[in-house]
Amino acid sequence: MRDVALYAGRRVLRAGVALWLVSTVVFVVMRLSGDPVPLLLPPDAPRSEIFRVRAELGLDRPLPVQYVTFLGNVARGDFGRSIHFKTPAMTVVLDYLPATIELGLTAFVVAVLVAVPIGVVSAAHRNSPLDHAAMAVALVGQSAPTFFLGILFILLVSLKAGLLPTGGRGDWHYLVLPALTLSVFAMAYVARLTRSAVLEILRTDYVRTARAKGLSETLVVAKHTLKNAAVPIVTITGLQFGALLGGAVVTETVFAWPGMGRLAIQSIYNRDYPVVQCVVFISAALFVVINFAVDMLYGVLDPRIRAR
Amino acid sequence: MTGMTRRELITGAAAAAGAVAVLPGPARAQTTQKRELIVAQGGDIAFFDPHMSTSSNDIRVSFNLYDNLTSRHPDGKLYPGLATEWKLTAPTTWTFKLRPGVKFHNGDPFSSSDVKASIERTYDPAAKTRVSTVFSTIERIEAPDPGTVVFHTKKPDPLLPARLAFYGGQIVPEKYLKSVGPDTFNGKPVGTGPIRFVSWTKDDKAVLEANPDYWGGRIDVDRLVMRAIPETAPRVASLLKGEVDAITQLAPDHGDRVNANPTTRMIGALYAGLYVLAVNSNVKPLDNPLVKQALSLGIDREIIVKELWRGRGIVPNSMIAKGDNHFDASLPPLKYDPREARERLKKAGYKGEEIVIETTVGYTANDKAMSEAIQAMWRDVGVNAKVEQLEYSVRAQKLRDKSFKGLWWSDPTSTLSDPDGMFWRLLGPGGPQDYWRHARFDQLGDAARFSVDEKFRAQAYKEMTQIFLEHFPWVPVIQPYEDYGIQRYVEWTPNPNQQFEIRRFNFRFRRA
């Protein structure tokens, strides 16, 4: 038990450091990228107006002072007021979070439900036509740009077949195409990885022993292989989940899905420092939490890791 | 089929064919029973408070939630809005009579104190609006009785009624705004306009409904939904599929698809402004008028309009946009003459110095493509032209520092349908694009700004045009169309300045 606590404690500490580094990098990069004030005001605004707005936003203070204030506020969960929306940045971001989670989670579930069985079946029937076909499709899925796939789905499924809406957020009809588009890359990736992970285990001695003692192939794969192949599969799917939550910018834009990715892009264009900082922080926090969960899962799946 | 004679069969078939001819499939889609108008635009709304934004995505809604004292109709003329009449009662005094019996959406009566409070709010430093410079000519405002407003200007201002028609001029309810504060007001806006606010889901949609008591008559639909669909292709797809009734910002290369589809069509209004290459005339060799004349002569604008804009634009003839006051229709479009361009470069003593176009990608439509086309055209006449790419924020920074290396894209909007709110606002002394000065030009521009004598103003702008065409502080390239895609059952005349006004006189659904 002490092992587990120590293990968890170390992970929490690492997560904290990661979040601090991420917020610092965003802070610096945003300030390197230019001044938001000219974008906020009409082009013919007088200089005095520019100075007034800059002071109002606290951008006239020296950088180290801004940084210390920023860190102190972040620690209290306060990212400042959005320059563009004029409301607290956290409130703005939290408004967008449910849509992102809805889309990311659905895409993740779809990806895993499709990819893991395909990977396992492909591995079990290595070099069969089924295996070749599945891996060829996976390769295409992994190479096709999301943008292209999204537009293709809209043209074929929505416009030609008239089946689903072209975009926006509403009941489940609206979720199908964006979730599918978003899941394709992860699906292909997880399928290929599952296949190789399972293949590797199938070559081990204990699997040979299991077969030698006359177990059926189904039982060999289900009982002796899957649990052992789970560690790499969980790692990859975990990372993919993080990517799905944070990397939906293109899908959200194509399908007019009101999620955090689009908010991030808009806020970058608007030089809305507080919102960008908050979006990146929340995305990083989600990633860190997922990673943490994956690390904990390892411990459950593989007792050897706990001991390390 | 049994029991049917051959003749009956033939007449039956003919009748069926006739019915098809009368009512072909698409014709059924030319009318509708819908009571809801759904519009998709390229970006989300950021503010419902009209004084907090000048972005086109916001004003498409705010010009429907609120009214101005004066209203610019699609024909380009000023009409009564919340004011029924206005008069210049002294050289620096404008008196407005207000429309009686108008109510805000929350039931509050509209009166002169709302006008005074609204306009004063735009330049009140404490209100921190984004339209603080629109009414800089006003000295003070009086509200002698509920139906009258008197504006005193610092100098004679012939364009005050025009200023009041555009952004900044929307009238907000004084009492409500004071009692709830600006944040709540922005979240639950109240105006006098033809639509009133229902709900808003950020980055998804805003739902609004018809104001049944609108003074200009109830509009032809019960609800208006504004959706944000950022990408052009999905926005067009949503129109073709019939999910939305109208889309904004239809790119020229999608127009054919929209027109080819039997249920949709493209409509447009000539943009109230120009797309120009603004010139930093302080940089050599752009300080030489002959070089700038050569640059203008070296651009084949007809080709640009035809190929890059699919014919959706016209070639300008000066710095005054077609449709504005004092536009001189007798002037020929800007000429393309590569031989003459080479001649003038020689006369200027041009020795192949680098001339840089700094372009954004998509800040104005086709900016990068036009830059590359113009670069090739200029090279053909012997100009050492170079295109460099800029990010939006860097462009904004360079605008402020006035640090452009040569030329850059600008899309000056004519905010008042008058040269004063267009080139003079930008190119005048101390203006945001002040890179070139000419004593006579400045004298005329200043005199025209403060003159209430339209004959004198016409003469002044004529002479300024001549000076402009010699010095080219801008190289005008195109006056494009602002295009929209609509369902064929929509009858709507758009405004030339992105206002997207839905009123009884310019909008209706064709019903069966």
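For every chain, the first residue of the written sequence is number 1, and numbering continues from 1 onward in sequence order. To label them, take the chains in the order written and letter them from A, then take the ligands in the order written and number them from 1. Given that this is a predicted model, residues contribute local features only at a pLDDT of at least 70 and side-chain atom pairs are listed and counted only at 80 or more, while totals for whole chains, interfaces and linings are drawn from all residues. Heavy atoms from the whole structure form the basis of all side-chain values; hydrogens and water molecules are not counted.

Student: Can you walk me through the overall build of chain B in this structure?
Tutor: The helix and strand labels rest on DSSP assignments: H or I over at least four residues marks a helix, E over at least two residues marks a strand, and numbering proceeds from the N terminus. Helix and strand content of chain B: 16 helices and 20 strands. Radius of gyration: over C-alpha atoms. The globule rule applied is 2.2 Å multiplied by the number of residues raised to the 0.38 power. Taking 24 Å as the expected radius of gyration for a compact globule of 512 residues, we find that chain B reaches 26 Å, a close match to that expectation. Along the three orthogonal principal directions, the C-alpha set of chain B runs to about 95 × 70 × 40 Å. When accessible area is computed with a 1.4 Å probe and restricted to protein chains, residues below 20% of their type maximum are described as buried, those above 50% as exposed, and intermediate ones as partly exposed. Looking at the 512 residues of chain B, the share that counts as buried comes to 55%. Only the protein chains shown count as cover for residues, with accessible areas throughout obtained via the Shrake-Rupley method and a probe of 1.4 Å. Carbon and sulfur atoms make up 52% of the accessible area of chain B, which amounts to about 20400 Å² in all. On chain B, the mean spot of the 68 positive side-chain charges and the mean spot of the 61 negative ones are 3 Å from each other. Within this scheme the basic residues Lys and Arg register as positive and the acidic residues Asp and Glu register as negative, but His and the chain ends are omitted. Charged groups are reduced to one reference atom each: NZ for lysine, CZ for arginine, CG for aspartic acid, CD for glutamic acid.

Student: Where do I start with the side chain of asparagine 68 of chain B in this structure?
Tutor: In this fold, asparagine 68 of chain B is placed in the loop between helix H3 (56–65) and strand E2 (70–72). Only heavy atoms enter the contact rule, under which two residues are in contact if any of them lie within 4.5 Å. When sequence neighbours within four positions are dropped, the list of residues in contact with asparagine 68 of chain B reads Phe63, Gly81, Leu82, Leu164, Ala165, Phe166, Gly169 and Gln170 of chain B.

Student: Where do I start with the interface of chain B and chain A in this structure?
Tutor: Interfaces are often sized by the amount of accessible area the parts lose when they come together. Contacts between the two partners involve 34 residues from chain B and, on the opposite side, 45 residues from chain A. The contact between chain B and chain A buries some 3400 Å² in all, and 55% of this surface belongs to carbon and sulfur atoms. In this description, buried area is defined as the sum, over both parts, of the accessible area (probe of 1.4 Å) that is lost when the two are combined. The largest share of the area that chain B buries against chain A comes from Arg130, Lys202 and Arg400 of chain B, three residues that together contribute 22% of it. Two N or O atoms form a polar contact when they lie within 3.5 Å of each other; inside protein one atom must be a possible hydrogen donor and the other a possible acceptor, and for residues adjacent in sequence the pair counts only when both atoms belong to side chains. There are 4 residue pairs in polar contact (both at pLDDT 80 or more) connecting chain B and chain A. Contributing elements (two or more residues each) for the side of chain B that touches chain A: strand E10 (223–228), helix H7 (232–240) and helix H13 (392–401) of chain B. Here the side of chain B that touches chain A is built from residues that sort into 14 nonpolar, 6 polar and 14 charged. Note on residue categories: nonpolar means Ala, Val, Leu, Ile, Met, Phe, Trp, Tyr, Cys or Pro, charged means Asp, Glu, Lys or Arg, and polar means any other residue, Gly included.

Student: What is the right way to read the packing of helix H5 (residues 89–124) of chain A against helix H12 (residues 260–269) of chain A from this model?
Tutor: Axis angle and axis distance: for two packed helices, these are the angle between their axes and the distance between the axes, and together they describe the pair. All names here are of chain A. Across the interface, H5 lies against H12 with an axial gap of 8 Å and an inter-helix angle of 140°. Judged on the interaxial angle alone, H12 and H5 are oblique. Residue-level contacts link Val92, Val93, Tyr96, Leu97 and Thr100 of H5 to Met260, Gly261 and Leu263 of H12. Taken together, the residues that form the contact of H5 with H12 break down as 6 nonpolar, 2 polar and no charged. Note on geometry: axes are C-alpha line fits, over the in-contact stretch for helices, and angles between N-to-C directions span 0 to 180 degrees. Any angle between 65 and 115 degrees counts as roughly perpendicular, while under 35 counts as roughly parallel, over 145 as roughly antiparallel, and the rest as oblique.

Student: I would appreciate a short explanation of the packing of aromatic side chains in the present structure.
Tutor: Given two aromatic rings, their pairing is described by the distance between the two centres and the angle made by the two planes. Residues and elements named next belong to chain B. We call Phe, Tyr and Trp rings a pair once their centres come within 6.5 Å, taking the six-membered ring for Trp, and we label the pair stacked below 30 degrees between planes, edge-to-face above 60, and tilted otherwise. Evaluation of the coordinates by the stated rule reveals 29 aromatic pairs over all chains. Both rings, one in phenylalanine 104 and one in phenylalanine 110, keep their centres 6.2 Å apart while their planes meet at 75°; by these two values the pair is edge-to-face. Accessibility expressed as a relative area gives 8% for phenylalanine 110, which makes it buried. Measuring from centroid to centroid gives 5.0 Å for tyrosine 214 and tryptophan 215, while their planes differ by 40°, and the two rings are tilted. Here tyrosine 214 falls in the buried class, since its relative accessible area comes to 7%. Each residue in the set Phe423, Trp424, Trp436, Phe441 and Tyr461 is aromatic and connected to the rest through ring pairs, giving one cluster. The side chain of arginine 312 reaches across the aromatic face of tyrosine 481, ending 4.4 Å from its centre. Charges are assigned to positions over rings by a cutoff of 6 Å between ring centre and Lys NZ or Arg CZ, combined with an angular limit of 35 degrees from the ring normal.

Student: Please clarify how the nonpolar core should be interpreted in this entry.
Tutor: For soluble globular proteins, the rule of thumb is that nonpolar side chains tend to be buried together. Residues and elements named next belong to chain B. Within the largest apolar cluster, 57 residues are counted, with the highest numbers of intra-cluster contacts made by Leu69, Val115, Ile119, Phe151 and Leu208. At 4 residues, H3 tops the list of elements feeding residues into this core. What leucine 69 contacts, discounting residues up to four positions off in sequence, is Pro80, Gly81, Leu82, Ala83, Phe96, Leu98, Val115, Phe151, Leu164, Gly169 and Ile171. Take the buried residues of types Ala, Val, Leu, Ile, Met, Phe, Trp, Tyr and Cys, join any two whose side-chain atoms come within 4.5 Å, and each joined set is a nonpolar core.

Student: So what exactly am I meant to see when it comes to the pairing of strand E13 (residues 275–279) of chain B here?
Tutor: Working note: regular strand, side chains alternate between the two faces of the sheet. Residues and elements named next belong to chain B. Buried residues dominate E13, accounting for 5 of its 5 residues. Residues Tyr275, Leu277 and Val279 point to one face of E13 and Val276 and Ala278 to the other, with burial holding for every one of them. Here, a strand pair is defined by DSSP locating no fewer than two bridges between the strands. Bridge count for E13 against strand E18 (residues 474–487) is 4 bridges, and the pairing is antiparallel. Paired with alanine 278 across the bridge in E18 is tryptophan 474. By the bridge criterion, 4 bridges tie E13 to strand E17 (residues 407–410) in an arrangement that is antiparallel.

Student: How do you make sense of the pairing of E10 of chain B when you look at a structure like this?
Tutor: Residue and element names in this part refer to chain B. Among the 6 residues that make up E10, 5 are buried, leaving the element largely enclosed by the rest of the structure. Note that strand E1 (residues 36–41) and E10 share 6 bridges and pair parallel. Each residue of the ladder has a partner; that of valine 39, found in E10, is methionine 226. Sheet topology places strand E9 (residues 205–210) next to E10; 5 bridges connect them, and they run antiparallel. Each residue of the ladder has a partner; that of glutamate 209, found in E10, is arginine 223.

Student: Can you walk me through the confidence of the model for chain A in this structure?
Tutor: Note that predicted coordinates carrying low pLDDT should not be read in detail. Across the chain, each position has a pLDDT score giving the predictor's confidence in that residue, from 0 to 100. Averaged over every residue, the pLDDT of chain A is 84; residues scoring 70 or more account for 95%. Confidence, read as mean pLDDT per element, is least for helix H14 (residues 303–307) of chain A in chain A (66) and greatest for H5 of chain A (90).

Student: How should I be thinking about unusual backbone geometry in this particular structure?
Tutor: Of all residues except glycine, most have a negative phi; of all peptide bonds, most are trans. Omega for the bond connecting lysine 284 of chain B with proline 285 of chain B falls within 30 degrees of zero, at -5°, which places this linkage in the cis form. Topologically, proline 285 of chain B is positioned in the loop between E13 and helix H9 (289–297). Positioned with a positive phi, asparagine 127 of chain A is a non-glycine residue whose angle comes to about 65°. Backbone geometry at serine 417 of chain B places phi at a positive 55°, although glycine is not the residue there. Among the structural elements, serine 417 of chain B can be located in the loop between E17 and helix H14 (423–427). Note on serine 417 of chain B: relative accessible area 11%, which makes it buried.

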